[in-house]
Amino acid sequence: MTRTYYKIRSVRWVKVTLALSLILFSSLLTTGCYDRMELEQQAFVVALGIDQAPNNMVDCSFLIALPISPSGGGQSGTEPKAASGPITFRARSLVEAMQMANSSVERSLNLSHLGLVVFGADVAKAGLSAQLYPMVRFREFRRTMLLAVSQGSAKDILSQNKPVLDRSTSRWADDIIEIGRRSGVVPVVTLHDYLRSREENLANPLLPLCAVNQSVQSSQSRGGASASGSSGGSSSSGVSGASGSSGTSEGIGGAAPGNAGTVARAGGNPVEWAGATVFRDDKMIDQLTGRQVMDVTLLQGRLAQARFTFSDPTSPARTVTLRMKRAGSPRYDIQLGRQPIVRVDLPLEADLISTQASVNYANQSSQMKLEQRIEQRLSTELSGVLKHLCQDDGVDVIPISDYIRGRFATDAALQNYPWATQLRRSQISVEAQVQVRRFGISNPMQS
């Protein structure tokens, strides 16, 4: 009996051992790294430019990072630097251009670190859908990458970009996003944001605008010589630019900052970011200045704080600058009908941070006068921007349609509502409620 017990136990132990051995052996057959690529075999693209080419072709420009090994002598922790310039391939599609890149690039292109895609103006006017479809289907394109439109060609943006401080190409998109969120002069729009707005038939997207400042580029090509002889309103300091692009007059597009490429300056990075492009469906139809983008961001309730410069109410030749902060979410009162009525209440707080006039704003009467004039001018400015977008362009970039969803029983009824047509005939008014919290002390230079 005992021998039989031990015999059965030995047979079970053999079976268990064989089963475990079979499982371990089969795991070796089902796993492997036959398609693995080492870092030394990949070329990481950090920026991509797409331009229109003849015969329905596209020029795809790739900006490739040159990683530095941390084990290199004295260069531990060095950030990847850009190659000498973008590499451009002409093909029928973006994927075909990537395949053609293998003819001259020693490594396989990898888009997992792609952070910025710039579309040329011709591509934006023709429509972005044909270029975005491969990005949506190809999994190497992350939905967090930043989208932008250039005034000229996208290749010039990649080739002329010369950062003043940050030399790391991998941080380029992150720097643009940080600037946009802090100053509000450019919208921050990722691929995911653009696709979401396109899925909503009632909303329209904005994309940031970039351009090469020709006066800065020409001065750098002359070895830093003075640009006083160039056209466009240059001065003895070498600053040149479009007339009125950096003025302080109120109105649509009248106050600084203007569009990218028109900022009056000298030196620095030839590539500048200011303003936005307006899209209807997938085509660019209009552009906004940097000041208008700040106004739109205020109307959206996304701008935490920004600096606005106005002419001083007591001395129109002087300027006054306030730091605007949202005091609450914008309130939209919409009355649907044959002629919709859109009323917007925008609560804001402000701090007086600069004034050129010798006015004692510690005086209560001066404070009330400043608040009233700033409210009046800002309300007029915001109303003008919103009317221009809704009535002239027929687009909803806020989007205002989010505030009328609850009035429709189904989503199909909302989608069938002729919202774009109704916007063009709507009555729009914006009332900014500005409360200046801090006026500072009286001017010590006041006589």
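Scroll up a little and you will see the structure.
A few points on the structure. Because the structure is predicted, anything quoted here is derived from the model rather than measured. (Residues numbered from 1 in each chain as written. Predicted model: local features only at pLDDT ≥ 70, side-chain atom pairs only at ≥ 80, totals over all residues. Heavy atoms only, no water.)

### Some thoughts on helix α6 (residues 172–183)
So, point 1. The terminal C-alpha atoms of α6, which comprises 12 residues, lie 17 Å apart, in line with the 16 Å expected from a rise of 1.5 Å per residue.
So, point 2. Of all the residues in α6, the buried ones are Trp172, Ala173, Ile176, Ile177 and Gly180. In an axial view of α6, the angular spread of the buried residues amounts to 135 degrees, which keeps them on one side of the axis. Within α6, the exposed residues directed more than 90 degrees away from the buried face are Arg181 and Arg182.
So, point 3. Contact partners of the buried residues in α6: β1 (42–53), β2 (57–66), β6 (116–119), β7 (146–150), α5 (154–160) and β9 (271–280).
So, point 4. Of the residues one or two after α6, Gly184 is the one with positive phi, at around 80 degrees. (Helix = DSSP H or I, 4+ residues; strand = E, 2+ residues; numbered from the N terminus. Expected span 1.5 Å × (residues − 1). Buried < 20%, exposed > 50% of the residue type's maximum accessible area, 1.4 Å probe, protein only. Arc of directions from axis to C-beta. Contact = heavy atoms within 4.5 Å.)

### Remarks on the pattern of salt bridges
So, point 1. Evaluation of the coordinates by the stated rule reveals 13 salt bridges.
So, point 2. Salt-bridge contacts for Asp59 lead to Arg90; the nearest nitrogen and oxygen are separated by 2.7 Å. One end of the pair, Asp59, is in strand β2; the other, Arg90, is in strand β4 (residues 87–91), and 31 residues separate them in sequence.
So, point 3. By relative accessible area, Asp59 is classed as buried at 13%. (Salt bridge = Lys/Arg side-chain N within 4 Å of Asp/Glu carboxyl O.)

### Structural notes on the pairing of strand β13 (residues 331–335)
Moving residue by residue along a regular strand, the side chains alternate between the two faces of the sheet.
So, point 1. Burial along β13 is one-sided: the residues Tyr332 and Ile334 are buried and none of Arg331, Asp333 and Gln335 is.
So, point 2. Summarising the sheet, β13 and strand β14 (residues 341–355) pair through five bridges and their orientation is antiparallel. Bridging from a neighbouring strand, Ile334 pairs with Val342 of β14. (Pairing = 2+ DSSP bridges.)

### Quick look at the environment of Leu207
So, point 1. When you line up the elements, Leu207 lands in strand β8 (residues 206–212).
So, point 2. Looking at Leu207, the relative accessible area reads 0%, which means it is buried.
So, point 3. Discounting chain neighbours no more than four positions away, the residues touching Leu207 are Leu128, Leu147, Val149, Pro187, Val189, Tyr194, Ala276, Thr277 and Phe279.

### Some points on the side chain of Asn161
So, point 1. Examined against the element boundaries, Asn161 turns out to sit in the loop between α5 and α6.
So, point 2. Polar contacts involving the side chain of Asn161 include one to the side chain of Asn269, which spans 2.9 Å. (Polar contact = N/O pair within 3.5 Å; in protein donor to acceptor, adjacent residues only side chain to side chain.)

### Let's talk about the packing of helix α4 (residues 129–137) against helix α7 (residues 191–199)
So, point 1. It is the contact of α4 with α7, at a shortest axis distance of 12 Å, that shows an interaxial angle of 120 degrees. Relative to α7, α4 is oriented oblique. Regarding α4 and α7, the two cross each other, and that crossing is left-handed. Judged by residue contacts, Ser129, Leu132, Met135 and Val136 of α4 engage Leu191, Tyr194, Leu195 and Arg198 from α7.
So, point 2. Counted by class, the contact of α4 with α7 contains six nonpolar, one polar and one charged residues. (Axes fitted to C-alpha atoms, helices over the stretch in contact; angles between N-to-C directions. Parallel < 35°, antiparallel > 145°, perpendicular 65-115°, else oblique. Left-handed = near helix turned anticlockwise from the far one by under 90°. Nonpolar A, V, L, I, M, F, W, Y, C, P; charged D, E, K, R; others polar.)

### Notes on the pairing of β2
So, point 1. Counting buried positions along β2 gives eight out of 10 residues, so the element sits mostly inside the fold.
So, point 2. Bridge analysis of β1 against β2 gives eight bridges, and the strand direction is antiparallel. What sits directly across from Ile50, in β2, is Cys60.
So, point 3. Here β1 hands over to β2 after three residues, with Asn55 in that stretch at a positive phi of 60 degrees.
So, point 4. The pairing of β2 with β4 spans five bridges and is antiparallel. If you follow Ser61 over to β4, its bridge partner there is Thr88.

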